[in-house]
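Structure at a glance
Okay, here's what each chain looks like letter by letter:
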Amino acid sequence: MTRSAAGTEFVWAALGGDPALLSRLSTVVRPGALDARLPVRELARACVGACALAGAELTAVRTGGNVPGVLVDDGAVATAFVSERHLLVDGRAPVNFAPLSRFWRTADGWVRTHANYPHHRTRLLESLRLDADASVETVAACLGERSAAEVEDTVYAAGGLAVALRTPAEWAAHEQGAAVARHPLLSRESVAETDRSAPSAPARLSGDPLRPAAGVRVLDLTRVIAGPVATRTLALLGADVLRVDTPWLPEDPDAHADTGFGKRSTKLDLGGRADRRTFEDLLAGADVVVTGYRPGALDRFALTPEALAARRPGLVVAQLSAWGRYGPWSGRRGFDSLVQVATGIAAIEGSAERPGALPAQALDHGTGYLLAAAVLRSLTERSREGGTRLVRLALARTAGWLVDGLGRPDEERSEASYDPEPWLAETDSDLGRLKYARTPVSFTGGPADWARPPGRWGTDAARWA
C-alpha cells in the first residue's frame, strides 16, 4: 500500500466513512507534482480523494443509485493546490504576499510575518514603533536587533502576526504544540438530536452533471484560502453558498477572485440591528454554517454551535481555525505560512542558511478539502440519522499530520515537472477575463467546473438564491 492510499484510508476513517467505498477511488500519479521533503503530494491526494469520495457517496444517497467512481489526478490536485498562483485577471498575475509578509532574520534566529491586509501591516509597524511608511530595510534592521521570541510576543500582543521559527522538536515541546498533538485530525460530534431530514434534491435535467449538494444552503463566514476553498468546493457540488463579510474589514480582490467561484457574496454588520435581522432570516433557511475566524471571535453574535443548534435544529456547523480551540494560542490569528514556521515545516523544508516553505500553501488547501469532505459526510449522516452536526479542523493539526502522520514521500524528489495547462480554464466575469485552476474533485457524472464565475465581493443581495 502506498503512503497516499494509507493517507486516504486514515482520512476516510476520521470522517466516519464506510471503508468499502475506498475501492471506488483510483489515482493518476504524475512525477514532479508538489515535490517536497515532506509528503505534500500524499497529503493532497488524500484530502482531495476523501472529499471527492464524500461527494460521490452523497450523490448515491440523494439519487438512490450506486456510488460513482472517483478519480484523483496528481496534475489536477497540484494545479488546484496553487490556484492562487495560476490566477490571471485580464492577464495580470496577483501579488500573493505583500512586501512585509516574509521571513526576517533576528538576533538569534528567524521570524515570519504576515502583513497582507492593511490593518495587519499597521499593527506590525506600530508594535515595532516604526513609521507607517517604514521600508523593508528599516523593518529588517529593527528585527535584527531583537530575539525571535520577543518579536513574536510583541507583535501578537499588538494584534499583528509574527511567528518564530521552530524545529519539530521545539514545537512538540511547546505548550501549544503539545495541545494540538492531543487532538485528532478532525473532530465530529452531534450537538443536538433533533431530527431534520436533508434537503430534497432538485429535479436534474438529462445530461446535467450530478451535483449532490444541490438545494443545500451554506452560510460562508470564512476568509483567506482554507475556508473559502471548502465553500468553493461545496458550491461546485451544487450548494447555494452565500459568503457573508463584515463591511469593516477589507478583502483582497484577487483572493476573492480565486476562491469565489460558484458563490455569491454580501456584507452584513452583525452588530447592527437591521443587518442582524437579515442574518437571522438567512440562518432560518440555512443547512450549513461554515466559520473560519479564530475561536471565540463570533461568540458575541450568538454563533456558538449550541446557540446555532437551538435556533436552527438540524444544522451542520463546520468550524476552522489556525491553531485549534485549545491551548494558549487558541485565541490567536494565523495563516498557513505562519503555521508552517511554528510547527517545524519551514525548518524541514529549508537549509542551514534560510528557512523554507512547502511548494504550496498545502495546509490551507488540504484543510479546505477536508472541511468540505466533513460537511458532505455530515449531510449524508444527517439524512440517515438526523441531528445537528459539528465538525472542527485546525491548520496546525493538519501540519502535525503532515510532519508525523504520513511518513516519507512515496517517491524520491523528481527533476521531472508536470504541465498544469490541462487543468486550467478561462472565463469571462464581472471581474474581467479570468484564467483559473479547475477543480481536482472528480467523480463519474460529477461537475467538471463551477456553474458561475465569481462576482464582485460583497455586492450580492443578502438572500438565498
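See the structure above.
Attention in this report is confined to the structure presented alongside it. (Residues numbered from 1 in each chain as written. Predicted model: local features only at pLDDT ≥ 70, side-chain atom pairs only at ≥ 80, totals over all residues. Heavy atoms only, no water.)

What follows concerns helix α2 (residues 40-63). The end-to-end C-alpha distance of α2, which contains 24 residues, comes to 34 Å, matching closely the 34 Å that a straight helix rising 1.5 Å per residue would cover. Summarising burial for α2: 22 of the 24 residues are buried, a large majority. Just beyond α2, the residue with positive phi is glycine 64, at close to 80°. (Helix = DSSP H or I, 4+ residues; strand = E, 2+ residues; numbered from the N terminus. Expected span 1.5 Å × (residues − 1). Buried < 20%, exposed > 50% of the residue type's maximum accessible area, 1.4 Å probe, protein only.)

Next up on the list: empty space enclosed by the protein. Following the criterion strictly, the structure yields two cavities of 30 Å³ or more and no others. If you add up the space inside the largest cavity, you get close to 310 Å³. Lining of the largest cavity is provided by 23 residues; of these, Asn96, Asn116, Val224, Ile225 and Ala255 occupy positions nearest its centre. With five residues, helix α11 (residues 253-259) is the single largest residue contributor to the lining of the largest cavity. (1 Å grid on protein atoms, 1.4 Å probe; cavity = no way out; pocket = protein on both sides within 12 Å on 5 of 7 lines; lining within 4 Å. Points joined across faces, edges and corners; volume = space filled by probe spheres on them.)

Once that is clear, we can look at the sheet that holds strand β7 (residues 187-192). Read across the sheet, seven strands follow the order β7-β13-β12-β11-β8-β9-β10 without closing on themselves; strand pairing throughout is mixed. Each end of this open sheet is capped by a strand with a single partner; those strands are β7 and β10 (264-267). If you compare each strand with its neighbour and ignore which way they point, the axes differ by 20° on average. Alignment of strand β12 (residues 316-321) against strand β13 (residues 388-394), held across six bridges, turns out to be parallel. Bridged to alanine 318 within β13 is valine 391. Each of β8 (217-221), β9 (240-245), β11 (288-291) and β12 touches helix α10 (residues 226-236); the most contacted strand, β9, lies at about 155° to it. (Pairing = 2+ DSSP bridges. Axes fitted to C-alpha atoms, helices over the stretch in contact; angles between N-to-C directions. Contact = heavy atoms within 4.5 Å.)

Attention shifts here to the packing of helix α16 (residues 362-385) against helix α17 (residues 395-404). At a closest axis distance of 9 Å, the pairing of α16 and α17 adopts a crossing angle of 105°. Here α16 is positioned roughly perpendicular relative to α17, judged by the angle of their axes. Mapping the contact onto sequence places Leu363, Asp364, Thr367 and Leu370 in α16 and Leu395, Thr398, Ala399 and Leu402 in α17. (Parallel < 35°, antiparallel > 145°, perpendicular 65-115°, else oblique.)

Applying the stated criterion to the full structure yields nine aromatic pairs. Each ring, one from phenylalanine 261 and one from tryptophan 450, has its centre 5.3 Å from the other, and the planes form 35°; the classification is tilted. Placement of phenylalanine 261 in the loop between α11 and β10 and of tryptophan 450 in the segment after β15 (432-437) is noted, with a sequence separation of 189 residues between them. You'll find phenylalanine 261 and tryptophan 450 in the same group, each marked buried. (Phe/Tyr/Trp six-rings, centres within 6.5 Å; stacked < 30°, edge-to-face > 60°.)

One open sheet accounts for three strands, arranged β4-β5-β6; its pairing is antiparallel. Strands with a single pairing partner mark the edges of an open sheet, and in this sheet they are β4 (103-105) and β6 (162-164). Looking at each pair of strands side by side, their axes are set apart by 30° on average, direction ignored. Pairing analysis gives three bridges linking strand β5 (residues 110-113) to β6, with the strands arranged antiparallel. Within the sheet, the bridge partner assigned to arginine 112 lies in β6 and is valine 163. Where helix α6 (residues 136-143) meets the sheet, it contacts β4 and β5, and its direction lies at approximately 50° from that of β4.

Here glycine 334 lies in the loop between β12 and α14 (336-342). It is 9.8 Å that separates the C-alpha atoms of glycine 334 and glycine 160, two residues lying 174 residues apart in sequence.

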